[in-house]
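Listed below are the residues making up each chain.
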Amino acid sequence: TTPYFVPSQHFLLMLKRAARRGVDVRVVMPRKSDHNFADTAAQAHFASVMKSGIKIYQFNGGMIHSKTAVIDDNWASVGSCNLDNLSLLLNYEANVISTDREFVAELKDSFVNDTLDSTKVDLEAWLNRSTYQKFWEWLSLPFHGLL
């Protein structure tokens, strides 16, 4: 779960590889965050991300500011780090990482509940979005390393 999904090219490649190996990779993010440009930059990746098998859910309940990850029901993280280069490389961020089964189960339950309050982005519908939207997404590409 992340409010801003603009990962580095390397991190995005790792997520795609995991999905292609059959790992169930799901991302929950707000339908509309408090940063329009970050939304546009995130959406520039949607087609390639979904084609690799990653499922994207847009939260319907407004801005979701959670930053969580659950991996293999054995490992979980929660904290202030967004999935963007600013958080991962430049900002002072802190996350708690745990292998405690109860902690992992609670974060997983929270994530599942968030997906139930979200709409899964449909690849076919996404590919048919407007040329105007695709243009703005394309314009955001040079700035991905700065977000």
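Residues numbered from 1 in each chain as written. Predicted model: local features only at pLDDT ≥ 70, side-chain atom pairs only at ≥ 80, totals over all residues. Heavy atoms only, no water.

J.: Explain the sheet that holds strand 4 (residues 68-71) to me, and be specific about the residues and the numbers.
T.: Overall, antiparallel pairing links the 3 strands, which are arranged 4-5-7 in an open sheet. Each of the sheet's edge strands pairs with one partner strand only, and the pair in question is strand 4 and strand 7 (95-98). The average angle at which neighbouring strand axes cross in this sheet is 10 degrees, direction not considered. Of the strands in this sheet, strand 4, strand 5 (75-79) and strand 7 touch helix 5 (residues 101-116), which is tilted by about 65 degrees from strand 5. (Pairing = 2+ DSSP bridges. Helix = DSSP H or I, 4+ residues; strand = E, 2+ residues; numbered from the N terminus. Axes fitted to C-alpha atoms, helices over the stretch in contact; angles between N-to-C directions. Contact = heavy atoms within 4.5 Å.)

J.: Which residues make up a nonpolar patch on the surface, and what values go with them?
T.: Side chains of Tyr-132, Phe-135, Trp-136, Trp-138 and Leu-141 sit close together on the surface and give an oily, nonpolar patch of about 610 Å² of accessible area. Within the secondary structure, Leu-141 is located in the segment after helix 7 (131-140). Of the residues examined, Leu-141 reaches a relative accessible area of 41% and is grouped as partly exposed. (Patch = residues over 30% accessible without salt bridge, like charges linked within 9 Å, V, L, I, M, F, W, Y side chains within 5 Å. Areas by Shrake-Rupley, 256 points an atom, 1.4 Å probe, with all protein chains shown as cover. Salt bridge = Lys/Arg side-chain N within 4 Å of Asp/Glu carboxyl O. Buried < 20%, exposed > 50% of the residue type's maximum accessible area, 1.4 Å probe, protein only.)

J.: Describe in detail the sheet that holds strand 2 (residues 26-30), supporting the description with residues and values.
T.: Two orientations exist for strands paired in a sheet by backbone hydrogen bonds: parallel and antiparallel. Across the sheet, 3 strands lie side by side as 2-3-8; this open sheet has mixed pairing. With one partner strand each, in any of the chains shown, strand 2 and strand 8 (118-120) form the two edges of the open sheet. For this sheet, the mean angle separating the axes of adjacent strands, direction not counted, is 30 degrees.

J.: Help me get a handle on the environment of Ser-77, residues and values and all.
T.: Looking at where Ser-77 falls in the secondary structure, it is placed in strand 5. Sequence separation between Ser-77 and Lys-16 is 61 residues; the distance between their C-alpha atoms is 20 Å. When neighbours within four sequence positions are excluded, Ser-77 is seen to be in contact with Lys-67, Thr-68, Ala-69, Asn-95, Val-96, Ile-97 and Leu-107. Polar side-chain contacts of Ser-77 include one of 2.9 Å to the side chain of Asn-95. (Polar contact = N/O pair within 3.5 Å; in protein donor to acceptor, adjacent residues only side chain to side chain.)

J.: For the packing of helix 2 (residues 36-43) against helix 7, give the residues involved together with the corresponding values.
T.: Look at helix 2 against helix 7: their axes get within 8 Å of each other, and the N-to-C directions meet at 95 degrees. Put simply, helix 2 runs roughly perpendicular to helix 7. Where helix 2 approaches helix 7, its residues Phe-37, Thr-40, Ala-41 and Gln-43 are matched on the opposing element by Gln-133, Trp-136, Glu-137 and Ser-140. Tallied by class, residues from the contact of helix 2 with helix 7 come to 3 nonpolar, 4 polar and 1 charged. (Parallel < 35°, antiparallel > 145°, perpendicular 65-115°, else oblique. Nonpolar A, V, L, I, M, F, W, Y, C, P; charged D, E, K, R; others polar.)

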